[in-house]
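Fold and geometry: a report
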Amino acid sequence: MRVTERLKAGGRVFSFEFYPPKTDEDTARLFTAAVELKRLGPDFVSVTNSSSGAAPYRTVALCGVLKAQLGLEVVAHLTCLAHTREEIAEICGGLRKMDVENILALRGDPQNVAPAALRRDYSYASQLIADLKRLGGFSLGGACYPEKHPEAPTPEEDIRRLREKVDAGAEYLITQLFFDNASYFRFLERTAAAGISVPVLPGLMPITGYRQVRKFTQLMNVSVPAALRSGLERWENDKAGLFAFSVEYASRQGEELLRGGAPGLHLYTLNRSRAAIEILRNVKGAAAA
Ligand code: FAD
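Residues numbered from 1 in each chain as written. Predicted model: local features only at pLDDT ≥ 70, side-chain atom pairs only at ≥ 80, totals over all residues. Heavy atoms only, no water.

As for helix α3 (residues 55-70)
Taking 1.5 Å of rise per residue, the 16 residues of α3 would be expected to cover 22 Å, and the 22 Å separating its terminal C-alpha atoms lies within 8% of that figure. Listing the buried residues of α3 in full gives A55, P56, T59, V60, L62, C63, G64, L66, K67 and L70. Along its buried surface, α3 packs onto β1 (13-18), α2 (24-38), β2 (44-47), β3 (74-79) and α4 (85-97). Where α3 terminates, the next one or two residues include G71, which has phi positive at roughly 70°. (Helix = DSSP H or I, 4+ residues; strand = E, 2+ residues; numbered from the N terminus. Expected span 1.5 Å × (residues − 1). Buried < 20%, exposed > 50% of the residue type's maximum accessible area, 1.4 Å probe, protein only. Contact = heavy atoms within 4.5 Å.)

With respect to the pairing of β1
Of all six residues in β1, six are buried, a share of seventy percent or more. Residues V13, S15 and E17 of β1 are buried on one face, and the alternating residues F14, F16 and F18, pointing to the opposite face, are buried as well. Of the pairings in the sheet, the one linking β1 to strand β9 (residues 264-268) comprises five bridges and is parallel in character. Opposite V13, over in β9, you have G264 as the bridge partner. Following the chain from β1 across α2 to the adjacent parallel β2, one finds a crossover that is right-handed. (Pairing = 2+ DSSP bridges. Right-handed = clockwise from strand over helix to strand, strands pointing away.)

Comments concerning helix α11 (residues 274-288)
Helix length check: α11 (15 residues) gives 22 Å between terminal C-alpha atoms against 21 Å at 1.5 Å per residue, within 8%. Along α11, the largest kink reaches about 40° and is centred on N282. Taken as a whole, α11 has its buried residues at A275, A276, I279, L280, V283, A286 and A287. Tucked inside the fold, the buried residues of α11 contact β1, α2, α10 (239-259) and β9. (Bend = angle between axes of the 7 residues up to and from the residue.)

Quick notes on the site of the ligand
Surrounding the ligand, one finds 24 residues, the nearest of these being N49, D109, Y145, D158 and K165. At a separation of 2.9 Å, an oxygen atom of the ligand approaches a polar backbone atom of R107. Contact between the ligand and R161: a nitrogen atom at 3.4 Å from a side-chain N or O atom of the residue. For the ligand, whose free accessible area comes to 980 Å², the fraction covered by protein is 86%. Residue assignment for the shell around the ligand shows that the elements contributing at least two residues are β3, β4 (102-106), α6 (155-168) and β6 (172-175). Sort the elements by how many residues they give to the shell around the ligand and α6 lands first, with four residues. Residues that form the shell around the ligand fall into these classes: nine nonpolar, eight polar and seven charged. (Near = heavy atom within 4 Å. Polar contact = N/O pair within 3.5 Å; in protein donor to acceptor, adjacent residues only side chain to side chain. Areas by Shrake-Rupley, 256 points an atom, 1.4 Å probe, with all protein chains shown as cover. Nonpolar A, V, L, I, M, F, W, Y, C, P; charged D, E, K, R; others polar.)

Some points on the sheet that holds β1
Across the sheet, which stays open at both edges, the nine strands sit in the order β7-β6-β5-β4-β3-β2-β1-β9-β8 with parallel pairing between neighbours. Looking along the sheet, the strands with just one partner apiece sit at the ends: β7 (200-201) and β8 (203-204). Alignment of β1 against β2, held across four bridges, turns out to be parallel. Considered in β2, the bridge of F18 is made with V47. Seen against the sheet, α11 touches β1 and β9 and runs at an angle of roughly 165° to β1. (Axes fitted to C-alpha atoms, helices over the stretch in contact; angles between N-to-C directions.)

Let's talk about the pattern of salt bridges
For side chains bearing opposite charge, pairing can occur when the charged atoms are close. Here the structure, examined in full by the defined rule, presents 15 salt bridges. Residue R29 is joined to D26 by a salt bridge in which the shortest nitrogen-to-oxygen separation is 2.8 Å. One end of the pair is R29 and the other is D26, both in helix α2 and three residues apart, which spans about a single turn. Within this structure, E157, R160, R161 and E164 form a network of salt bridges that share partners. (Salt bridge = Lys/Arg side-chain N within 4 Å of Asp/Glu carboxyl O.)

Describing the nonpolar core
The biggest cluster of nonpolar side chains holds 59 residues, and the ones touching the most others in it are L66, I103, L132 and L173. Among the elements that make up this core, the one with the highest residue count is α11 (seven residues). Contacts of I103, omitting those with residues within four sequence positions, involve V75, A76, L78, C92, L95, L132, F138, S139, L140, G141 and Y172. By size, the runner-up hydrophobic cluster in this structure holds 26 residues, among which are V3, A143, M205 and V222. (Core = buried A, V, L, I, M, F, W, Y, C linked by side-chain atoms within 4.5 Å.)

Some points on the packing of aromatic side chains
Inspection of every chain in the model, using the stated rule, returns three aromatic pairs. Ring geometry for Y184 versus F185: centroids 5.4 Å apart, planes at 75°, classification edge-to-face. Aromatic rings pair up to connect F178, Y184 and F185 into one cluster. In this arrangement the basic side chain of R85 is found over the ring face of Y122, its NZ or CZ atom lying 5.2 Å from the centre. If you follow R274 out to its NZ or CZ, it ends over the ring of F243, 3.8 Å from the centre. (Phe/Tyr/Trp six-rings, centres within 6.5 Å; stacked < 30°, edge-to-face > 60°. Lys NZ or Arg CZ within 6 Å of the ring centre and 35° of its normal.)

Here's what the structure looks like:
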């Protein structure tokens, strides 16, 4: 069942995000994780995409394998900054051949695209979504930012642009990771006030280190609550303690989100299964409530 239909069917939706592996070791880890996570019966898995060269085809190929070999419902991330309209149509043709029916349509980050590879057909995700809607045949999702996209001048302006993305055809949204649930619930109030009524799936990530947090806060405009910061400091030199703390933090976050009415959880897995398995087991009670 496509993602949009799953979300409409009611019940909570659980999903996992993977990235295309780069090394043999990465590849083995991803497939082990995918097989283990499949046992939890996710509603879908998504596969990221980078904007350069043949990367979209790696995403298409991995989506095809996860669907054909493991029977998973798959969402292909598709960025547009480095593509012409013809290339986007060709990638969509590849996805159709792989029987992939869901696309998370994104702009991509200009700083990750070599200047010579930047194309002029698309400046924003809403333009890609409008084109994909015209092409037809895909369930379409988009990205959103509870703490505002870093480039947006104000939260209000960001939400006005998000409304354009939904009006263009995004049928659901997945959030940037966040660590403070208040930002998600505030965001839902703002989006509802702006007339956005599509489901907003919260993106959760168990943190594996202090350095990782610094990267997120600097690059992504994501705030780190004091409780998370002090836990990471406390367990900085104890791998097992850090893992347990991190899973516990994400589990409590997930429980509160589900009890507060979130339509489900999207877990950023970094191609590993253990934390995701434990988090889902921990939030089960809240999911059933
Ligand atoms: P847009 O919706 O186009 O928004 C980008 C900025 O432009 C925002 O500040 C917005 O307010 C503003 N804006 C929008 N429309 C207009 C307009 N008409 N005029 C002026 N300003 C406007 N990146 C990858 O490279 N690969 C991935 O696989 C990937 N997966 C992601 C998954 C999720 C769930 C999320 C949240 C992000 C993901 N990203 C990925 C990152 C994403 O590409 C970047 O955050 C990017 O900077 C913005 O993408 P977007 O689709 O949200 O852009």
